[in-house]
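Coordinate inspection notes
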Amino acid sequence: MAWSWVKKDERYKYLAPAIEKMIAGADEISEGMAAWYEQYSPFFDNETAGVSVLLAGASRKGMIPLAEYPLSKRAWEVLEKERLGKVLSKTDRENLIQGRADLWFHDGERSFSFEFKKTSERDNWGFGEKRTINDLVRMMNWAVEEVSRLDSYEYNHAMGGLISPVFDLERVDLYEEFAGYVPLSLKIESSGGPVTYFYFANKSLSLMR
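This text gives an overview of the structure that appears in the document. (Residues numbered from 1 in each chain as written. Predicted model: local features only at pLDDT ≥ 70, side-chain atom pairs only at ≥ 80, totals over all residues. Heavy atoms only, no water.)

Notes on the packing of helix 1 (residues 15-36) against helix 2 (residues 47-60)
- The N-to-C vectors of helix 1 and helix 2 enclose an angle of 110°; their axes lie 7 Å apart at closest approach. By the angle between their directions, the pair helix 1 and helix 2 is classed as roughly perpendicular. Relative to helix 2, the crossing made by helix 1 is right-handed. Every residue of helix 2 that contacts helix 1 at K21, M22, I23, G25, A26, E28, I29, S30 and M33 is listed here: V53, L54, A56, G57, A58 and R60.
- Of the residues contributing to the contact of helix 1 with helix 2, the split by class is nine nonpolar, three polar and three charged. (Axes fitted to C-alpha atoms, helices over the stretch in contact; angles between N-to-C directions. Helix = DSSP H or I, 4+ residues; strand = E, 2+ residues; numbered from the N terminus. Parallel < 35°, antiparallel > 145°, perpendicular 65-115°, else oblique. Left-handed = near helix turned anticlockwise from the far one by under 90°. Contact = heavy atoms within 4.5 Å. Nonpolar A, V, L, I, M, F, W, Y, C, P; charged D, E, K, R; others polar.)

In structure tokens form, the structure reads like this:
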């Protein structure tokens, strides 16, 4: 197994090193899993399995992580009003609902929060080119929207993350191209075997729907 950057926007000088450590640690864990079962990749399972390896990767590289913890989040209807440019009332700002955060970790100086989604394709549910692109856009937007629901007291830096395993290697160019639309992207791959892309964007991003 090997990890590498696909795109790194140098403006993200605090987020990029933290994400790099997390992915590097996850790659080491994936390599250990592959030694046990060559064709297995946790990132091809569900979102929870993937996030669990990212949490373990962060811990492996010396960071203090926490996943799936309860907290209050901003309501979806408030986000929609904000997106439409409407003025938020005091009631809107206090409109919180109970939820869970996907992943948080501290590197000794700063805290980082992530809300993850995973692309919808599955081993027994293949997508064509158009559906693959639409799903990447939809799920990336969803992850970014979820980050917007977090209160800023939770973190110093926050990003939405998309876990994107490649089920059809003939379509890998689509995943490479999609990296151009987000500030940070990495991948974990093995020679001729599983490839998974990880895309990260902050809450200012909104891709075309």
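After that view, the rundown keeps rolling.
Overview of the side chain of R171
- With respect to the secondary-structure elements, R171 resides in the loop between strand 5 (157-165) and helix 6 (172-178).
- Side chain to side chain, R171 and T132 meet in a polar contact 2.6 Å long.
- Among all residues touching R171, those that are not within four sequence positions of it are E121, F127, G128, E129 and T132. (Polar contact = N/O pair within 3.5 Å; in protein donor to acceptor, adjacent residues only side chain to side chain.)

Points about unusual backbone geometry
- At E68, a position not held by glycine, the phi torsion is positive, near 55°.
- As for its placement among the helices and strands, E68 is situated in strand 2 (residues 64-74).
- On the basis of relative accessible area, E68 is assigned to the partly exposed category, the value being 30%. (Buried < 20%, exposed > 50% of the residue type's maximum accessible area, 1.4 Å probe, protein only.)

Quick look at the pairing of strand 7 (residues 195-201)
- Here strand 7 lies mainly inside the structure; seven of its seven residues are buried.
- In strand 7, alternate side chains face the same way, and those of V195, Y197, Y199 and A201 on one face and T196, F198 and F200 on the other are all buried.
- As defined by bridge partners, strand 5 adjoins strand 7 across six bridges and the pair is classed as antiparallel. Note on strand 7: the bridge partner recorded for S164 is Y197.
- Here strand 6 (residues 184-189) pairs with strand 7 via six bridges, running antiparallel. Its bridge partner lying in strand 7, L186 is registered against F198. (Pairing = 2+ DSSP bridges.)

Overview of empty space enclosed by the protein
- Scanning the entire structure with this criterion turns up one cavity of 30 Å³ or more.
- Considering only enclosed or pocket space, the largest cavity measures out at about 40 Å³ in volume.
- Lining the largest cavity are M1, S30, S41, F43, F44, I188, P194, V195 and T196.
- Taken together, the residues of the lining of the largest cavity break down into six nonpolar, three polar and no charged. (1 Å grid on protein atoms, 1.4 Å probe; cavity = no way out; pocket = protein on both sides within 12 Å on 5 of 7 lines; lining within 4 Å. Points joined across faces, edges and corners; volume = space filled by probe spheres on them.)

Some thoughts on the environment of A16
- Relative to the helices and strands, A16 is located in helix 1.
- Not counting chain neighbours up to four residues away, the residues in contact with A16 comprise W5, K8 and L184.

Here's the deal with the environment of G126
- Its place among the elements puts G126 in the loop between strand 4 (111-118) and helix 5 (129-148).
- Using a relative accessible area of 56% as the deciding quantity, one classes G126 as exposed.
- The sequence separation of G126 and F167 amounts to 41 residues, and the corresponding C-alpha distance is 7.6 Å.

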